[in-house]
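Spelled out from the first residue to the last, the chains are:
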Amino acid sequence: MGDQGITGTFTLRDLTDEEYLLPGNAACPGCAAVLAMRIGLKVLGPRTVLVVPACCMSVVQGYYPKTPSRVPIFNTAFAASAATASGIRAALEMKGIRDVNVVCWAGDGGTADIGIQSLSGAAERGDDLIYVCYDNEAYMNTGTQRSGSTPEGARTTTTITGKAEGKKDVPGIMMAHRIPYVATACASYPLDFANKLRRAISMKGTRYIQLLSPCPPGWRYPAEKTIEVGKLAVETGAWILYEWTGRECRLTGPSSGLVERSKRRPLEEYLRIQGRFSNADPSKIEDMKRRIDEEWERILALCKG
Amino acid sequence: MIATGNHAVAYGVKAARAEIIAAYPITPQTQIIEKLSEFIEKGEMRAKFLRVESEHSAMAACIGASACGARAFTATSSQGLLYMSEMVFWAGLGSFPVVMAVVTRTLAPPWSIWNEHTDMLSQRDAGWILIMCESVQEAYDAAIQAFRIAEDRRVRQPVMFGLDAFSLSHTSERLDLIGQEEVEAFLPAPEGDWKVIDVQDPTTYGNMAGPERMMEIRHSIMERLRGSASVIEETASEFSRISGREQAGLVEEYRTSGAEVILVVAGAASGDAKDAADALRDEGVRAGVARLRVIRPFPAERIRAAVQGCRAVAVVDRDYSFGSGGIIGREVASATGIKPFSYIAGIGGCDLSVTDFAGIARDAISRAESGEEGREIWWGIKGSQGPSP
Ligand SMILES: Cc1ncc(C[n+]2csc(CCOP(=O)(O)OP(=O)(O)O)c2C)c(N)n1
Ligand code: SF4
Ligand SMILES: [Mg+2]
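Residues numbered from 1 in each chain as written. Chains lettered and ligands numbered in written order. Predicted model: local features only at pLDDT ≥ 70, side-chain atom pairs only at ≥ 80, totals over all residues. Heavy atoms only, no water.

Notes on the overall build of chain B
Helix and strand content of chain B: twelve helices and 16 strands. Taken over the C-alpha trace, chain B has a radius of gyration of 21 Å; the compact-globule value for 389 residues is 21 Å, and the two agree within 12%. Of the contacts formed within chain B by residues at least 6 apart in sequence, a portion of 80% connects residues at least 24 apart. (Helix = DSSP H or I, 4+ residues; strand = E, 2+ residues; numbered from the N terminus. Rg over C-alpha atoms; globule rule 2.2 N^0.38 Å. Contact = heavy atoms within 4.5 Å.)

Pasting the structure below:
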């Protein structure tokens, strides 16, 4: 195995009909995070263990003894996903079980904030696990409070006039750990996500994917607009799709065609479709655009190598 | 051989064939994990050592490993134990048979590395079995027994065993190891049938449970912890047989028969309490000692029986629960229905010698003789003690 293992692109036809996340879960209508989990489990397959900390995904599983999952899920404490996964991986190795994906599926709060220490520890040790952070950009489970991953200008219940600070760059933090694979994805582009997950599966060590997951109640838009909201995040350039393998970084999906600013749709289209940015005045929007430009410059510099 | 308490723990864990060790260093626990790391690196022990970045992660990794049916061990002390506390409860409430050594140490502020039991006792409601060791030998013996108790089908709850900072952790004493064959007969390789993670038999572990199930979930932990008392006794007597050394089980009674005063103690200072009892007996004072080897499940009946008929019960607590009192003193009061003289002593590593125990015993007798009711006494505190709480 190795990162050169996967070159071909996976198409819709390659995605199995088998369902590992069954209908009847407790997610809100239009939840992008749970849509992505369904796709993710199709790619990961049955020999997968999910580790889930406190977050919406712990609630989505519904009430014991029922579960929508056909793969084992181990629920752990908010800060402890990566460390729990490290213990699972070590135990499986001791038992001689080598063909199982150990996957953390954690929210942005459990990743950027309270769980970053254990994630950093696992990454520094190079523990063999895939970490998917589904990023709905706030603490949704507790009612949409600000997280380190909340973007500038977004209203949350603890930043009612809009967050003053920028979004924490967790993919950048993970790259600084020199792990083999870091990627961003968006739930509106399931195949892009599926291909990144496949690439991650083909490698060893700590692999990190941050998946933007629009959230109707938290972002304040109607449930049926979830895919559209995610697409606008990418098409306006607010969310950049890329993958980094230590040696190289490349833009993926629609982001590859958005290098020139003029190709991107106006940021306002993304902001206006949601209620959470309703407080952002023109000067705030200019600040946000500036931050987005800086992010593009940073990623493009990485892509140039 | 001659070994420190910390090394004794490491030898015990090696003999027990723990498969996963996840730990974070803290004085005075460090030698335990250094020795285990050395065993593994030299190929003398087949285990994985996860050098995690915190105690919270240490216990999380142990829980993850245990959830796969592996035998997992960690060790910590004071600040580390409190930092780990969320996961300590996770292990207890999740019924994962993890084993942990706690080198008991004072909590800060102010910073102190010296001995006190408040750290370990603060975790007493977490669903763990709590054992307190008296000697280096007992630390080794407890390490092996702990895995068997934890993994016993009737128990399946985690076990922590305490050893006093420095007076056990760093003090060299004689240590007799048991032959590996005997250990393996006593503690076979882990069956691991408590595992909840299995891709062949997928289950969701720990998702939400409503109020209609919680009473039952907690009740089953309560029953298993209560039932563990007989398993602890049984394990101790079996271990006595293979080691040729008498094991204490729940409570060790020392010269309690016909005693007018009984010192109730736990941990490394118990030996000094016994020496004090000997000295007092030589002087005609009928003193005895009831040593709690196990604090959870609290051996209420054994303590009640031990102190029956004695004139003064003197509980010596090297710990304190603010707003309540000495933790063991409170437990003894509720278990026996008598109000003991509750001595708070040895706090923050303060000396607690044979002379102190003899003084405490005499003090308790004279208080009882003058008709005083049981009360709290801060033994050895400088200056006036103020009114009784
Ligand atoms: C130690 C601890 N602190 C706080 C909480 C409360 N809590 C549970 S989930 C959550 C928010 C999770 O946010 P995120 O990780 O972004 O996931 P989301 O709910 O948005 O899916 C919080 C604050 C907790 N369970 N544990
Ligand atoms: S609050 Fe948002 S992320 Fe959470 S379940 Fe609902 S839609 Fe999904
Ligand atoms: Mg979130």
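Following the structure, the description resumes.
Focus: the confidence of the model for chain B
Averaged over all residues, the pLDDT of chain B equals 97, while 98% of them reach at least 70. We note a pTM of 0.97 for the whole complex and an ipTM of 0.96 for its interfaces. (pLDDT = per-residue confidence, 0-100.)

A short note on the coordination of the magnesium ion (ligand 3)
Residues and elements named next belong to chain A. Distances from the magnesium ion (ligand 3) to its protein donors, Asp108 (OD), Asn136 (OD1) and Ala138 (O), fall within 1.9 to 2.1 Å. Going along the chain, you hit the donors of the magnesium ion (ligand 3) in the pattern D-x27-N-x1-A. Placement of aspartate 108 in the loop between β3 (101-107) and α4 (109-113) and of asparagine 136 in the loop between β4 (129-135) and α6 (170-175) is noted, with a sequence separation of 28 residues between them. Comparing aspartate 108 with asparagine 136, the two get one shared label, buried. (Donors = N, O, S within 2.8 Å, 3.2 Å for Na, K, Ca; no water. Buried < 20%, exposed > 50% of the residue type's maximum accessible area, 1.4 Å probe, protein only.)

Brief notes about the layout of surface pockets
Residues and elements named next belong to chain B. Counted as a void, the largest pocket has a volume near 790 Å³. Of all the secondary structure elements, the ones that give two or more residues to the lining of the largest pocket are α4 (78-93), β9 (204-205) and α8 (211-243). The element best represented in the lining of the largest pocket is α8, accounting for eight residues. (1 Å grid on protein atoms, 1.4 Å probe; cavity = no way out; pocket = protein on both sides within 12 Å on 5 of 7 lines; lining within 4 Å. Points joined across faces, edges and corners; volume = space filled by probe spheres on them.)

Structural notes on the confidence of the model for chain A
Per-chain confidence: chain A averages 95 in pLDDT, with 98% of residues scoring 70 or above. A low-confidence stretch, residues 1-5 of chain A stays under pLDDT 50, and its non-local contacts, those more than four residues away or across chains, total eight contacts.

Remarks on the interface of chain B and chain A
Chain B puts 41 residues into the contact, and the matching count from chain A is 42 residues. Buried surface at the junction of chain B and chain A, summed over both partners, amounts to about 3,200 Å²; 65% is from carbon and sulfur atoms. For chain B, the biggest contributors to the area lost against chain A are Val199, Asn207 and Met208 of chain B; these three give 21% of the whole. Between chain B and chain A we count three salt bridges in total. Its salt-bridge partner being glutamate 53 of chain B, residue arginine 125 of chain A comes within 3.5 Å of it at the nearest N-O pair. Residue assignment for the side of chain B that touches chain A shows that the elements contributing at least two residues are β3 (48-50), α3 (55-67), α4 and β9 of chain B. Of the residues forming the side of chain B that touches chain A, the biggest block, eight residues, is contributed by α3 of chain B. Here the residues of the side of chain B that touches chain A sort into 22 nonpolar, eleven polar and eight charged. (Buried area = accessible area lost by both parts, 1.4 Å probe. Salt bridge = Lys/Arg side-chain N within 4 Å of Asp/Glu carboxyl O. Nonpolar A, V, L, I, M, F, W, Y, C, P; charged D, E, K, R; others polar.)

Observations concerning the site of ligand 1
Taken together, the neighbourhood of ligand 1 is formed by 17 residues, with Gly109, Gly110, Tyr134, Ala138 and Asn141 of chain A sitting nearest. Taken together, the residues near ligand 1 originate from chains A and B. Between ligand 1 and the protein, one listed contact pairs an oxygen atom with a side-chain N or O atom of asparagine 136 of chain A at 3.0 Å. Alone, ligand 1 offers 580 Å² of accessible surface; in the complex the protein occludes 75% of this. (Near = heavy atom within 4 Å. Polar contact = N/O pair within 3.5 Å; in protein donor to acceptor, adjacent residues only side chain to side chain. Areas by Shrake-Rupley, 256 points an atom, 1.4 Å probe, with all protein chains shown as cover.)

Quick look at unusual backbone geometry
Between tyrosine 64 of chain A and the following residue, proline 65 of chain A, the backbone shows a cis peptide bond with an omega angle of 5°. Cis geometry is found at the peptide bond from threonine 27 of chain B to proline 28 of chain B, where omega equals 0°. Summarising the element assignment, proline 28 of chain B is placed in the loop between β2 (20-22) and α2 (30-41). Backbone geometry at threonine 144 of chain A places phi at a positive 65°, although glycine is not the residue there. Mapped onto the fold, threonine 144 of chain A is located in the loop between β4 and α6.

Looking at the side chain of serine 81 of chain A
Residue and element names in this part refer to chain A. Along the chain, serine 81 falls in helix α3 (residues 81-94). In this structure serine 81 comes out as buried when scored by relative accessible area, which is 1%. Ignoring anything within four residues of it in the chain, the contact list for serine 81 reads Val51, Pro53, Thr76, Cys104, Ala106, Ser118 and Tyr131.

Here's the deal with the site of ligand 2
Lining the immediate environment of ligand 2, one finds Cys28, Cys31, Cys56, Asn136, Met140, Cys215, Pro216 and Pro217 of chain A. In terms of residue class, the shell around ligand 2 is built from seven nonpolar, one polar and no charged.

Notes on helix α1 (residues 32-44) of chain A
Residue and element names in this part refer to chain A. Its 13 residues give α1 an end-to-end C-alpha distance of 18 Å, which sits within 8% of 18 Å, the value for a rise of 1.5 Å per residue. Regarding α1, the residues found buried are Ala32, Ala33, Val34, Ala36, Met37, Ile39, Gly40, Leu41, Lys42, Val43 and Leu44. Just downstream of α1 lies glycine 45, where phi reads positive at about 80°. (Expected span 1.5 Å × (residues − 1).)

What about the sheet that holds strand β2 (residues 73-75) of chain A?
Spatially, nine strands are ordered β8(A)-β7(A)-β5(A)-β6(A)-β4(A)-β3(A)-β1(A)-β2(A)-β9(B) in an open sheet, and the strand pairing comes out mixed. Looking along the sheet, the strands with just one partner apiece sit at the ends: β8 (249-251) of chain A together with β9 of chain B. Sheet analysis places strand β1 (residues 48-52) of chain A next to β2 of chain A, joined by three bridges and oriented parallel. Looking at the pairing, valine 51 of chain A lines up with phenylalanine 74 of chain A of β2 of chain A. Most of the contacts of α1 of chain A go to β3 of chain A, to which it runs at about 175°, and overall it touches β1, β3, β4 and β6 (206-212) of chain A. Running at roughly 170° to β3 of chain A, α3 of chain A makes contact with β1, β2, β3 and β4 of chain A of the sheet. (Pairing = 2+ DSSP bridges. Axes fitted to C-alpha atoms, helices over the stretch in contact; angles between N-to-C directions.)

Details of the pattern of salt bridges
Residues and elements named next belong to chain B. Here the structure, examined in full by the defined rule, presents 62 salt bridges over all chains. As a salt-bridge pair, aspartate 152 and arginine 154 come within 2.9 Å of each other at their nearest N and O atoms. In this structure arginine 154 comes out as partly exposed when scored by relative accessible area, which is 42%. Taken together, the shared-partner salt bridges in this structure form one network comprising Glu134, Glu138, Glu252, Lys274 and Arg291.

Quick notes on the sheet that holds strand β4 (residues 72-76) of chain B
The strands that make up a sheet are held in pairs by hydrogen bonds between backbone atoms, and each pair lies either parallel or antiparallel. Residue and element names in this part refer to chain B. Spatially, β3-β2-β4-β5-β7-β6-β13 is the arrangement adopted by the seven strands of the open sheet, whose pairing is mixed. If you trace the sheet from one side to the other, it starts and ends with β3 and β13 (294-296), each paired once. Each adjacent strand pair in this sheet contributes to an overall mean axis angle of 20°, direction not counted. Bridging between strand β6 (residues 129-132) and strand β7 (residues 159-164) involves four bridges; their strand directions are parallel. By the bridge assignment for β7, leucine 130 is matched with methionine 160. Packing of α4 onto the sheet brings it into contact with β4, β5 (99-104) and β7, and relative to β5 it is tilted by some 150°.

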